Amino acid sequence: EGSGDSVGSGSGETDIGDCDESSGTDDDDSGADLTGSGDIESGGDEDGSGSGTVGSGSGGVIDGPSSEVTLSIHTDRFPYETTWQIVRRAAWSFASGEASSGAHDDAFAQVVARGGPYDVAGAAFASDVRLAHEFWYTLSVFDSYGDGLCCSYGIGSWSLLIDGVEVARGGSFGTVDTFTFRLPYVFSPPAPPPCRRRGRGSGAHEGSGDSV
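Undergrad: For this particular structure, what's the right way to read the nonpolar core?
TA: Inside soluble globular proteins, nonpolar side chains tend to come together where they are buried. Judged by nonpolar contacts, the single largest core of 27 residues is most densely connected at Trp84, Ile86, Leu131, Trp158, Leu160 and Phe181. Elements with a contribution of two residues or more to this core: β5 (66-74), β6 (82-93), β8 (110-115), β9 (124-132), β10 (135-143), β11 (157-162), β12 (165-170) and β13 (176-183). The dominant element in this core, judged by the number of residues it contributes, is β9, at 4 residues.

Next up, the structure:
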């Protein structure tokens, strides 16, 4: 079982660009940008527009603060193997700073969005879901064959954006790749610029005569 790499927290990222493209690509239009509406738990559209089943919308009526979560998937040569879901877990307690019943307590689990399988190889799909704050969520990207999205059979990948900022990505995994997060998401501050020390030049040195 793999786990998606966090981007916002500064941990290592899956370098999809290092994949050997000679290991398998196809002749489909990899630049296609296909979006649509799909299967959303608790009140979403199901018109199935676009190619493949792509979740978009919100997991029911949201009364209060929320964030827009975007899942982008670039399929490999076998798009019908790829599906995904987002599960809402325990509510976040800001007073105690801990999940009220544990971030991974399945007694509180509820699927709020799902998508796939797809029917276009080497294509880009984007799904927008609006999710309420003060909850934990787990994104799971599945591959039914067990070889992930990259790199034996095409250069596939997935990425997760929260309010327009990428926070996680993946592609090289087996049967499932997961990423757990809470909302509102705490973005890492940008790294400070490197410090430059002020010093004497490499020319004349004080009291040492001419520089050689």
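Back to the text.
Undergrad: I'm lost on the side chain of Asp76 in this one. Help?
TA: Structurally, the position occupied by Asp76 is in the loop between β5 and β6. One buried charged residue, Asp76, remains without a salt bridge, the closest side chain of opposite sign being Arg77 at 8.1 Å. Reaching out from Asp76, the side chain makes a polar contact with the backbone nitrogen of Phe78 at a distance of 2.9 Å.

Undergrad: Explain the state of the cysteines here, please?
TA: Put plainly, two cysteines are in a disulfide when a covalent bond ties their sulfur atoms together. Per the counting criterion, the structure on display carries 1 disulfide. Disulfide pairing is shown between Cys150 and Cys151; the S-S distance is 1.8 Å. Across the S-S bond of Cys150 and Cys151 the torsion is about 80 degrees, and the bridge reads as right-handed. For the residue pair Cys150 and Cys151, the accessibility class agrees, reading buried in each case.

Undergrad: Honestly, the confidence of the model for the protein chain in this entry has me stumped. Any pointers?
TA: Fine structural detail should not be taken from predicted coordinates in areas where pLDDT scores are low. Mean pLDDT for the protein chain: 72, with 56% of residues reaching 70 or above. Confidence drops under a pLDDT of 50 for residues 8-58, and excluding neighbours within four residues, the segment shows 124 contacts in the predicted structure. Here residues 99-103 is modelled with pLDDT under 50, and outside its nearest four sequence neighbours on either side it reaches 11 contacts, counting other chains as well.

Undergrad: Help me out: how do you make sense of the packing of aromatic side chains in this one?
TA: Two measures describe an aromatic ring pair: the distance that separates the ring centres and the angle between the ring planes. Across all of its chains, the model carries 7 aromatic pairs by this definition. When the centroid spacing of 5.9 Å and the interplanar angle of 20 degrees are considered together, the rings of Phe179 and Phe181 count as stacked. Residue Phe179 shares its accessibility class with Phe181, and that shared class is buried. Here a set of aromatic residues connected by ring pairs shows up, and it is made of Phe135, Tyr137, Phe179 and Phe181. Geometry around Phe135 places Arg88 over its ring, the cationic atom sitting 5.1 Å from the centre.

Undergrad: So what exactly am I meant to see when it comes to the pattern of salt bridges here?
TA: Side-chain pairing between opposite charges can occur once the charged atoms of the two side chains come close. What the rule picks out here adds up to 1 salt bridge. Among the salt bridges present, the one from Glu166 reaches Arg169, with a minimum N-O distance of 2.4 Å. With a relative accessible area of 24%, Glu166 lands in the partly exposed category.

What counts and what doesn't
- Residues numbered from 1 in each chain as written.
- Predicted model: local features only at pLDDT ≥ 70, side-chain atom pairs only at ≥ 80, totals over all residues.
- Heavy atoms only, no water.
- Core = buried A, V, L, I, M, F, W, Y, C linked by side-chain atoms within 4.5 Å.
- Buried < 20%, exposed > 50% of the residue type's maximum accessible area, 1.4 Å probe, protein only.
- Helix = DSSP H or I, 4+ residues; strand = E, 2+ residues; numbered from the N terminus.
- Lys, Arg positive; Asp, Glu negative; His and termini not counted.
- Salt bridge = Lys/Arg side-chain N within 4 Å of Asp/Glu carboxyl O.
- Polar contact = N/O pair within 3.5 Å; in protein donor to acceptor, adjacent residues only side chain to side chain.
- Disulfide = S-S within 2.5 Å.
- pLDDT = per-residue confidence, 0-100.
- Contact = heavy atoms within 4.5 Å.
- Phe/Tyr/Trp six-rings, centres within 6.5 Å; stacked < 30°, edge-to-face > 60°.
- Lys NZ or Arg CZ within 6 Å of the ring centre and 35° of its normal.

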